[in-house]
Amino acid sequence: MPHAGVPAPRATRIPSISCVLPAYNEGQNLAQVVPQVLASLHALSPQVEVLVVDDGSRDDTAAVARALCAAHPGVVLIELSRNFGKEAALTAGLDAARGEVVVLMDADGQHPAALLPQMLEKWQQGSDVVYAVRRTRDDQSPLHARLAHLFYRLVNWGSRVAIPADAGDFRWMDRKVVDALKALPERNRFMKGLYAWVGFQSTALDYLPLPRTQGHSSFGLRGAFSLALTGMVAFSSTPLRALSLLGLLLSMASLAYGLWVVLEYFWLGIEVPGYATLAAGMMFLSGIQLLSIGVLAEYVGRIYEEVKRRPSYLVSERSGAGLAQDGADRPGA
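Residues numbered from 1 in each chain as written. Predicted model: local features only at pLDDT ≥ 70, side-chain atom pairs only at ≥ 80, totals over all residues. Heavy atoms only, no water.

### Examining the overall build of the chain
We count it as follows: Secondary structure elements follow DSSP: runs of H or I of four or more residues count as helices, runs of E of two or more count as strands, with numbering from the N terminus. Think of it in three bands: residues with accessible area under 20% of the maximum for their type are buried, residues over 50% are exposed, and the middle band is partly exposed, with areas taken using a 1.4 Å probe on protein chains only. Any pair of residues with heavy atoms lying within 4.5 Å of one another is described as a contacting pair. Under the convention used here, a 1.4 Å probe and the Shrake-Rupley method define accessible areas, while residue burial counts only the protein chains that appear.
The number of helices and strands found in the chain is 10 helices and 8 strands. Out of the 333 residues belonging to the chain, those deemed buried represent 43%. By sequence separation, contacts in the chain at least 24 residues apart represent 84% of the contacts at least 6 residues apart. When the accessible area of the chain is evaluated, it comes to approximately 17800 Å², of which 61% is carbon and sulfur surface.

Now the structure itself:
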């Protein structure tokens with residue numbers, strides 16, 4: 001028997017659980033998704049909370065979430081002052097979560113709550129992070145799926161920290177992992193990279209995304225490209241290395257061509273008119289230079305955003321009770 005005040009071993013402990021649901025224009029889904037998630041969590045632990053982070057929605061997301069807060073004491077609404085993006089909404093949820101473990105799920109109902117008991121079991125067996133990996137991308141367009149595959153190959157090329165391919169935000173994390181994520185100072189946050197960077201013992205579970213409960217996703221190719229650019233700049237020097245390699249190859253090609261022109265003139269007596277070659281070469285090199293400046297500008301722009309040290313998000317209002325302030329410190333039953 002453990003002494004009073006000493007947490008029980010993880011294998012027998014029932015933790016308090018916080019579940020973070022970032023929501024943007026999900027008013028049609030919350031009324032169905034939140035009670036389902038809450039019921040699934042209550043089947044695992046008597047101490048649970050569901051934090052709905054309204055990321056500046058333009059529909060009735062906040063109104064629906066307030067009604068859920070009134071009906072369920074374990075539901076909390078965190079309203080951000082405007083739309084800051086999903087990464088910021090996840091950060092806001094992690095900052096507000098009080099549970100011994102924190103679960104991240106989408107508010108559209110595509111993450112199956114039926115996977116939560118397996119996540120609890122893996123956590124009790126010693127895993128600090130249990131993350132879900134998509135079996136397929138059939139719910140996305142072929143172009144989107146191919147671009148996602150290409151992104152993971154590029155961002156992991158030469159990187160010391162491998163980001164698991166097809167692993168999203170659906171995950172179960174121990175409190176020490178959450179505290180490590182909260183300690184990271186980045187403003188431009190790429191959460192999938194941050195999950196991998198903090199490390200800890202991790203276990204993957206595969207799953208099939210469920211159909212959306214209602215409506216259509218607001219996260220399309222444009223949003224995916226913006227997030228991929230953030231991740232590439234934040235976690236990879238591949239673009240800079242590629243530019244260095246391109247510069248080396250162009251220098252070698254230019255030297256070889258120059259030698260060939262000299263040989264043609266002195267040995268073969270062929271006079272090479274250089275106006276067309278010179279014009280084409282200048283235009284080509286100018287394009288390469290502008291491309292290089294653009295890539296460098298992305299890195300410098302992110303540095304500029306970081307040094308301003310603006311907060312990642314601003315909270316407009318919080319509603320609902322959730323777990324007690326010391327919920328994260330209570331030993332499980």
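This is not the end of the story, as more comes after the structure.
### Details of the pairing of strand S7 (residues 202–207)
Each regular strand displays side chains that alternate between the two surfaces of the sheet. Here is the rule we go by: The pairing criterion for strands is at least two bridges between them, as found by DSSP.
Of the two faces of S7, only the one carrying Thr 203, Leu 205 and Tyr 207 is buried; Ser 202, Ala 204 and Asp 206 on the other face are not. Bridge analysis of strand S5 (residues 129–134) against S7 gives 6 bridges, and the strand direction is parallel. Bridge assignment links Val 129 to a residue of S7, and that residue is Ser 202.

### Regarding the packing of aromatic side chains
Stated formally: Each aromatic pair joins two rings of Phe, Tyr and Trp (for Trp, the six-membered one) with centres within 6.5 Å, and gets the label stacked for planes under 30 degrees apart, edge-to-face for over 60, and tilted for any other angle. To sit over a ring, a charge needs its Lys NZ or Arg CZ within 6 Å of the ring centre and within 35 degrees of the ring normal.
Following the criterion strictly, the structure yields 1 aromatic pair and no others. On the basis of an interplanar angle of 85° and a centroid distance of 5.7 Å, the ring pair of Phe 170 and Tyr 207 is categorised as edge-to-face. With a gap of 37 residues between them, Phe 170 in strand S6 (residues 167–174) and Tyr 207 in strand S7 connect regions that are remote in the sequence. A single burial state applies to Phe 170 and to Tyr 207, both of which are buried. Just above the ring of Phe 84 sits the side chain of Arg 82; from NZ or CZ to the centre is 3.9 Å.

### A closer look at the pattern of salt bridges
Using the following cut-off: For salt bridges, the criterion is a side-chain nitrogen of Lys or Arg within 4 Å of an Asp or Glu carboxyl oxygen.
Within this structure, the stated rule accounts for 5 salt bridges. One salt bridge in this structure joins Asp 169 and Lys 86, with 3.0 Å as the shortest N-O distance. Taken together, the residues Asp 169 in strand S6 and Lys 86 in helix H3 (residues 86–96) connect sequence positions 83 residues apart. Among the residues examined, Asp 169 registers a relative accessible area of 5% and is labelled buried. Between Asp 128 and Lys 176 there is a salt bridge whose closest N-O contact spans 3.5 Å. Taken together, the residues Asp 128 in the loop between helix H4 (116–124) and S5 and Lys 176 in helix H6 (residues 175–183) connect sequence positions 48 residues apart. For Asp 128, a relative accessible area of 7% gives the class buried.

### As for the environment of Ala 132
Looking at the secondary structure, you find Ala 132 in strand S5. With relative accessibility at 0%, the residue Ala 132 sits in the buried group. Setting aside its immediate chain neighbours within four residues, Ala 132 contacts Leu 115, Met 119, Asp 166, Ala 167, Gly 168, Phe 170, Leu 205 and Tyr 207.

### Description of the packing of H6 against helix H7 (residues 191–198)
Our working rule: For helices, the axis comes from a line fit to the C-alpha atoms of the stretch in contact; other axes are also lines fit to C-alpha atoms, and the angle between any two N-to-C directions lies between 0 and 180 degrees. Small angles under 35 degrees read as roughly parallel and large ones over 145 as roughly antiparallel, with 65 to 115 read as roughly perpendicular and the rest as oblique. Should the near helix be turned anticlockwise from the far one by less than a right angle, the crossing is termed left-handed; should it be turned clockwise, right-handed.
In contact at an axis separation of 10 Å, H6 and H7 are set at 120° when each is read in the N-to-C sense. Taken together, the axes of H6 and H7 lie oblique to each other. Note on packing geometry: the crossing formed by H6 with H7 is right-handed. Residues Val 177, Ala 180 and Leu 181 of H6 touch H7, and the partners they reach there are Leu 194, Tyr 195 and Val 198.

### Section: the nonpolar core
The line we're drawing: We call a set of buried residues a nonpolar core when its members are Ala, Val, Leu, Ile, Met, Phe, Trp, Tyr or Cys and they connect through side-chain atoms within 4.5 Å of each other.
Counting residues in hydrophobic clusters, the biggest one holds 37 residues, and the most contacted among them are Val 50, Val 52, Met 105, Leu 116, Met 119 and Trp 172. No other element matches helix H1 (residues 27–42), which puts 6 residues into this core. In contact with Met 119, other than residues within four places in its own chain, are Val 130, Ala 132, Phe 170, Arg 171, Trp 172 and Leu 205. Formed by 30 residues, the second largest nonpolar core is a distinct cluster that contains Ala 88, Ala 96, Leu 104 and Leu 181.

### Digging into the sheet that holds strand S3 (residues 75–80)
Here 8 strands make up an open sheet; going across it, the order is S7-S5-S6-S4-S1-S2-S3-S8 and the pairing mixed. If you trace the sheet from one side to the other, it starts and ends with S7 and strand S8 (315–319), each paired once. For this sheet, the mean angle separating the axes of adjacent strands, direction not counted, is 20°. Pairing of strand S4 (residues 101–104) with S6, which is carried by 4 bridges, proceeds in the antiparallel orientation. Each bridged residue has a counterpart across the sheet, and for Val 101 the counterpart in S6 is Asp 174. Contacts from helix H2 (residues 61–71) reach strand S1 (17–23), strand S2 (48–54), S3 and S8 within the one sheet, and its direction differs from that of S3 by about 155°. Packed onto the sheet, H7 meets S4 and S6 and runs at close to 40° relative to S6.

### Describing the confidence of the model for the chain
In low-pLDDT segments, the atomic positions of the prediction should not be examined closely. Heads up, the condition is: Each residue carries a pLDDT score, the predictor's own confidence in it, on a scale running from 0 to 100.
Considering every residue of the chain, the mean pLDDT works out to 76; 71% of them sit at 70 or more. The secondary structure element of the chain with the lowest average pLDDT is helix H8 (residues 221–235), at 60, and the one with the highest is S4, at 92. Contacts from residues 1–6, a stretch scored under 50 in pLDDT, to residues over four places away or in other chains number 1 contact. Note on residues 327–333: pLDDT is under 50 here. Beyond four places in sequence and across chains, it has 19 contacts.

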